[in-house]
Amino acid sequence: MVDGARMLSPGVLGYAHQAARAYRRPVVSTLGFHLGHEPQVTAMTRGYDQAVEDTLLDTVDWRGNGYELFRISTPASRPATAGGDRSPRATACS
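Since the structure is predicted, the reported quantities are computational estimates derived from the model, not experimental observations.

Undergrad: So what exactly am I meant to see when it comes to the nonpolar core here?
TA: If you look at the biggest cluster of nonpolar residues, it comprises nine residues: Leu-35, Ala-43, Tyr-48, Leu-56, Leu-57, Val-60, Trp-62, Leu-69 and Ile-72. Look past the residues within four positions of Ile-72 in its chain and what remains in contact with it is His-34, Leu-35, Gly-36, His-37, Leu-56, Leu-57, Thr-59 and Val-60.

Spelled out as structure tokens, the structure:
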């Protein structure tokens, strides 16, 4: 699935559907990743744009194997909390 802002690796929809059927009121979540080797908010200050992203996507066969996206991506992080936590942010839908 590609919606212009999000790309899903192959198992996401199947596993989400399976999890949703397993519970009466499930919360289904996945980790978010940015294309590139650093968070986009940082990369954009260094010239990252659509052309760079297109070139990056051309370096892997993501259409043939969606898991290749992980080779050219980095976990999305959130701003550090007072305790310094910068763990990846999950994307959820319930």
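Continuing now.
Undergrad: Just checking my understanding: could you explain helix 3 (residues 50–57) for this structure?
TA: Quick reminder: α-helices carry 3.6 residues per turn. Residues three or four places apart thus point the same way. Within the span of helix 3, buried status applies to Glu-53, Leu-56 and Leu-57. Angular distribution of buried residues about the axis of helix 3 spans 95°; they occupy a single face of the element. The elements touched by buried residues of helix 3 are strand 2 (33–35) and helix 2 (40–43). For helix 3, the N-terminal capping position is held by Asp-49, with its side-chain oxygen 3.2 Å away from the main-chain nitrogen of Ala-51.

Undergrad: When you look at the packing of aromatic side chains in this model, what are you seeing that I'm missing?
TA: Inspection of every chain in the model, using the stated rule, returns two aromatic pairs. Look at Phe-33 and Phe-70: their rings are 5.2 Å apart centre to centre, the planes differ by 85°, and that puts the pair in the edge-to-face class. Taken together, the residues Phe-33 in strand 2 and Phe-70 in the loop between helix 3 and strand 3 (73–75) connect sequence positions 37 residues apart. For Phe-33, a relative accessible area of 34% puts it in the partly exposed group. Taking the relative accessible area as the measure of exposure, Phe-70 reaches 41% and is therefore partly exposed. Centre to centre, the rings of Tyr-67 and Phe-70 are 6.4 Å apart; their planes meet at 20°, and the pair counts as stacked.

Undergrad: I tried to follow the environment of Ala-43 on my own but got confused; where do I start?
TA: You can see Ala-43 is positioned in helix 2. Using a relative accessible area of 6% as the deciding quantity, one classes Ala-43 as buried.

Undergrad: Any chance you could explain the pattern of salt bridges here in plain terms?
TA: A side chain with one charge may pair with a side chain of the opposite charge, provided their charged atoms come close. Scanning the model with the defined rule gives two salt bridges in all. Between Arg-71 and Glu-68 there is a salt bridge, with its nearest N and O atoms 2.5 Å apart. Here Arg-71 falls in the exposed class, since its relative accessible area comes to 56%.

The rules behind these values
Residue numbering note: each chain is counted from 1, following its sequence as written. This being a predicted model, a pLDDT of at least 70 is required before a residue's local features are given, and a value of 80 or more before pairs of side-chain atoms are given or counted; all residues contribute to the totals for chains, interfaces and linings. No hydrogens and no water enter the side-chain calculation; it runs on all heavy atoms of the structure. By nonpolar core is meant a set of buried Ala, Val, Leu, Ile, Met, Phe, Trp, Tyr and Cys residues that side-chain atoms within 4.5 Å join together. Working definition: with a 1.4 Å probe on protein chains only, accessible area under 20% of the residue-type maximum means buried, over 50% means exposed, and in between means partly exposed. We call two residues in contact when some of their heavy atoms are within 4.5 Å. Here a helix means four or more residues in a row that DSSP labels H or I, a strand means two or more in a row labelled E, and each is numbered from the N terminus. For this quantity, the arc is that covered by the directions from the helix axis to the C-beta atoms. Two N or O atoms count as a polar contact when they lie within 3.5 Å, although within protein this holds only if one can serve as hydrogen donor and the other as acceptor, and sequence-adjacent residues are included solely when both atoms are side-chain atoms. Two aromatic rings from Phe, Tyr or Trp, using only the six-membered ring of Trp, form a pair when their centres are within 6.5 Å; if the ring planes differ by under 30 degrees the pair is stacked, by over 60 it is edge-to-face, and anything between is tilted. Within this document, salt bridges are pairs made up of a side-chain nitrogen of Lys or Arg and a carboxyl oxygen of Asp or Glu, the two lying within 4 Å of each other.

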